[in-house]
Amino acid sequence: MSFQNNFAPTSAVPRVYVRRSSGIFTLLLFTAAVISFLCVGRWLVVEDTLDHAQAIAVLSGRMPVRALEAAKLYRQGYAPEIWLTHSSEPAKTLESLGVAFVGEEAYNTKILVHEGVPAGAIRVLEPPILNTGDEIVAINSALGATPLDIVIIVTTKPHTRRVRTLWRLLTRDQSRAIVRAASGDSFDADHWWRNTRDALDVVREVLGLMNAWAGLPIGQA
């Protein structure tokens, strides 16, 4: 009886300590999760310092803000050319149905010309692309044929970190990319969860970055 009375209080101490430690750890995890949730939108947005380049490359999607930003940089004299990418879809599928389709690059060209970029300074890159990884490969290949291996890549704000990550992964820094966000993009980095488009952007970019960090096991999207 004496042994049991002496043992009970001492065995209770570690249990209390474990419960308290577990509670503190859970609180820390919860706090970290909340901070990550609130800050992930701002974390996704990165930009490099502007410098003169061989060309300004406009990634596909989100017309017209990307093309408008590229035109502004062109007028400021950062590069003598603007490069556009193009996709074989949905034009190829629609053509098989007898439906004519004008690609995004045609509209971006019209936007650029409207903003004062000469048609002769606009180049559509080959081959056709399916995703951001394909765009980066096409842009890097175009740079490989020129003496100045610097390109300014214009995209939307939440897409910038993944573009930078994919560039480093796919090009091994053989050439230099200056990643810039379109200033006209309405993405709200501080309150991205308040509207569906921003929330979808964040989810897509985080998943895309995870895929890149894992070595692109599901492709270059």
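Residues numbered from 1 in each chain as written. Predicted model: local features only at pLDDT ≥ 70, side-chain atom pairs only at ≥ 80, totals over all residues. Heavy atoms only, no water.

A look at the pairing of strand β5 (residues 176-181)
Where we set the bar: Summary of the burial criterion: residues with accessible area below 20% of their type's maximum are buried, those above 50% are exposed, and those between are partly exposed, where the area comes from a 1.4 Å probe applied to protein chains only. Only DSSP runs of H or I with at least four residues qualify as helices, and only runs of E with at least two residues qualify as strands; both kinds are numbered from the N terminus onward. Two strands pair if DSSP finds at least two bridges between them. Seen with its strands pointing away from the viewer, a crossover is right-handed when the path leading from the first strand over the helix to the second is clockwise.
Burial analysis of β5 places five of its six residues in the buried class, which makes it a mostly covered element. Note that strand β4 (residues 150-155) and β5 share six bridges and pair parallel. Looking at β5, one finds that T155 is bridged to A181. Taken together, β4, helix α6 (residues 160-171) and β5 constitute a β-α-β crossover, and its handedness is right-handed.

So, the nonpolar core
For clarity, the threshold we go by: In this text, buried Ala, Val, Leu, Ile, Met, Phe, Trp, Tyr and Cys residues form a nonpolar core when linked through side-chain atoms within 4.5 Å. In what follows, a contact means two residues having at least one pair of non-hydrogen atoms within 4.5 Å.
Counting residues in hydrophobic clusters, the biggest one holds 20 residues, and the most contacted among them are I56, A70, I82, L112, V117 and I152. Broken down by secondary-structure element, the contributors of at least two residues to this core are β1 (55-58), α2 (65-75), β2 (82-84), α4 (104-114) and β4. When residues of this core are assigned to their parent elements, the largest contribution, five residues, is made by α2. Not counting residues up to four positions away in its chain, the partners in contact with I82 are I56, V58, A70, A71, Y74, L112, V117, A121, I122 and R123. Ranked by size, the runner-up nonpolar core spans 18 residues in total, among them L166, A177, V179 and L216.

Here's the deal with helix α5 (residues 132-143)
Residue pairs three or four apart in sequence face the same way in an α-helix, which turns once every 3.6 residues. Put simply, the rule reads: Expected helix span is computed as 1.5 Å times (number of residues minus one). Under this definition, polar contacts are N or O atom pairs within 3.5 Å; protein pairs additionally need one hydrogen-donor-capable and one acceptor-capable atom, and for neighbouring residues in sequence, both atoms have to be side-chain atoms.
Helix length check: α5 (twelve residues) gives 17 Å between terminal C-alpha atoms against 16 Å at 1.5 Å per residue, within 8%. The buried count for α5 comes to nine of twelve residues, which makes it a mostly enclosed element. For α5, every residue scored as buried is listed here: T132, G133, E135, I136, A138, I139, N140, A142 and L143. In this structure, the buried residues of α5 make contact with β1, β2, β3 (122-124), β4, α6 and β5. For α5, the N-terminal cap is N131; the gap from its side-chain oxygen to the backbone nitrogen of G133 is 3.2 Å.

Looking at unusual backbone geometry
With an omega of 0°, the peptide bond running from M63 to P64 counts as cis. One can find P64 in the loop between β1 and α2. Backbone torsion omega between E126 and P127 reads 0°, so that peptide bond is classified as cis. Not every positive phi belongs to a glycine, and R62 is a case in point at roughly 55°. Within the secondary structure, R62 is located in the loop between β1 and α2. In this structure, L216 takes a positive phi of about 60° despite not being glycine. Positionally, L216 belongs in the segment after α7 (196-213).

Some thoughts on the side chain of D198
To keep it simple, the criterion reads: Working convention for charge: Lys and Arg count positive, Asp and Glu count negative, and His plus the chain ends are omitted. Here, a salt bridge means any Lys or Arg side-chain nitrogen found within 4 Å of an Asp or Glu carboxyl oxygen.
If you trace the backbone, D198 turns up in helix α7. Nearest to the buried, unbridged D198 among oppositely charged side chains is R197, at 4.4 Å. For D198, the side chain forms a polar contact with the main-chain nitrogen of D188, separated by 3.1 Å. Those residues in contact with D198 that lie beyond four places of it in its chain are S186, F187, D188 and W192.

Observations concerning the packing of aromatic side chains
Let me state the cut-off plainly: Aromatic rings from Phe, Tyr and Trp, with only the six-membered ring used for Trp, were paired whenever their centres fell within 6.5 Å, and each pair was classed as stacked if the ring planes differed by under 30 degrees, edge-to-face if by over 60, and tilted otherwise.
All chains considered together, the criterion is met by two aromatic pairs. Each ring, one from W192 and one from W193, has its centre 5.8 Å from the other, and the planes form 85°; the classification is edge-to-face.

Some points on the packing of α5 against α6
Which entries qualify depends on this criterion: Working convention: axes come from line fits to C-alpha atoms, limited for helices to the stretch in contact. Angles between N-to-C directions cover 0 to 180 degrees. Here the angle decides the label: under 35 degrees means roughly parallel, over 145 means roughly antiparallel, 65 to 115 means roughly perpendicular, and every other value means oblique. The crossing is said to be left-handed when, going from far helix to near helix, the turn is anticlockwise and less than a right angle, and right-handed when the turn is clockwise.
In contact at an axis separation of 10 Å, α5 and α6 are set at 60° when each is read in the N-to-C sense. The angle between α5 and α6 places the two elements in the oblique class. The handedness of the crossing between α5 and α6 comes out as right-handed. Listed contacts from α6 to T132, G133, I136, V137, I139, N140 and L143 of α5 are R162, V163, L166, W167, L170 and T171.

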